[in-house]
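Structural overview
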Amino acid sequence: VYTMSNTAFGSISTNSNDWGSEELLNFELTNVKKINLTYKGHAATLMPTITENGIALASEELDNRLANEFMNFLQTAKIQSFITEEANEHVLSVYGFNAPLLKCTIHLKTGETLSLTIGNVNEEENICYTQVNGRSEIVGIPYFNLSQFNILYSELHDKDYDRLG
């Protein structure tokens with residue numbers, strides 16, 4: 001049995017955001033076999049390629065600069081807030097997971113897979129609502145302008161938009 005003064009309890013954070021890990025995804029491009037992205041139901045495959053500057057991602061379906069920018073974002077992004085640990089169907093719907101904007105699966109050379117699903121995005125609050133690795137919790141990550149992926153969507157629908165890059 002241990003005892004602690006009541007004042008010590010006052011210094012312990014009761015904010016659940018302080019107790020969870022802030023790491024979003026933990027991967028290095030050198031360990032990536034391939035990456036599958038689905039934006040608004042349309043798929044793109046990103047493959048690591050060796051360049052004179054190191055490893056970069058290349059895709060036939062997506063601008064390579066955007067693909068690399070998004071992967072850099074995923075490698076460096078931290079969880080800003082923990083929204084809920086156990087999301088029921090109603091909560092999933094409210095945060096946009098009934099029709100997610102983007103799904104990303106990272107296949108590692110070890111056979112492990114990492115996944116990220118982005119539901120709603122709120123630019124004004126600088127947040128993307130996200131589920132990581134199939135867990136039922138919803139977390140908030142910094143805003144990423146997913147509208148850039150509209151180029152993937154528009155090209156697949158033969159719309160007249162300029163390709164990024």
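Our subject is the structure that appears above.
Here is a short report on the structure shown in this document. What you see is a predicted model, and the numbers here were worked out from it, not measured in a lab.

Attention now moves to the pattern of salt bridges. Should the charged atoms of two oppositely charged side chains come close, the side chains can pair. If you walk through the whole model with that rule in mind, you get one salt bridge. For the salt bridge of Arg-135 with Glu-137, the shortest nitrogen-to-oxygen distance reads 3.3 Å.

Our focus in this paragraph is the sheet that holds strand 1 (residues 32–39). Read across the open sheet, the eight strands follow the order 3-2-1-5-6-7-8-4; overall the sheet is antiparallel. A strand with exactly one partner marks an edge of an open sheet, and here the two such strands are strand 3 (54–58) and strand 4 (81–84). On average, each strand axis in the sheet is tilted by 25 degrees relative to the strand beside it, whichever way the strands run. Set on the sheet, helix 2 (residues 64–76) makes contact with strand 1, strand 2 (42–51), strand 3, strand 5 (102–108), strand 6 (113–122) and strand 8 (138–142); between it and strand 3 the angle comes to about 115 degrees.

Turning our eyes to something else, we now look at the side chain of Glu-137. For Glu-137, the position within the fold is in the loop between strand 7 (127–132) and strand 8. Exposure remark for Glu-137: the relative accessible area of 17% places this residue in the buried category. A distance of 3.3 Å separates a polar atom in the side chain of Glu-137 from a polar atom in the side chain of Arg-135. If near-sequence neighbours (up to four positions away) are discounted, Glu-137 is found in contact with Phe-82, Thr-84, Glu-85, Thr-130 and Gln-131.

Cut-offs applied
- Residues numbered from 1 in each chain as written.
- Predicted model: local features only at pLDDT ≥ 70, side-chain atom pairs only at ≥ 80, totals over all residues.
- Heavy atoms only, no water.
- Salt bridge = Lys/Arg side-chain N within 4 Å of Asp/Glu carboxyl O.
- Pairing = 2+ DSSP bridges.
- Helix = DSSP H or I, 4+ residues; strand = E, 2+ residues; numbered from the N terminus.
- Axes fitted to C-alpha atoms, helices over the stretch in contact; angles between N-to-C directions.
- Contact = heavy atoms within 4.5 Å.
- Buried < 20%, exposed > 50% of the residue type's maximum accessible area, 1.4 Å probe, protein only.
- Polar contact = N/O pair within 3.5 Å; in protein donor to acceptor, adjacent residues only side chain to side chain.

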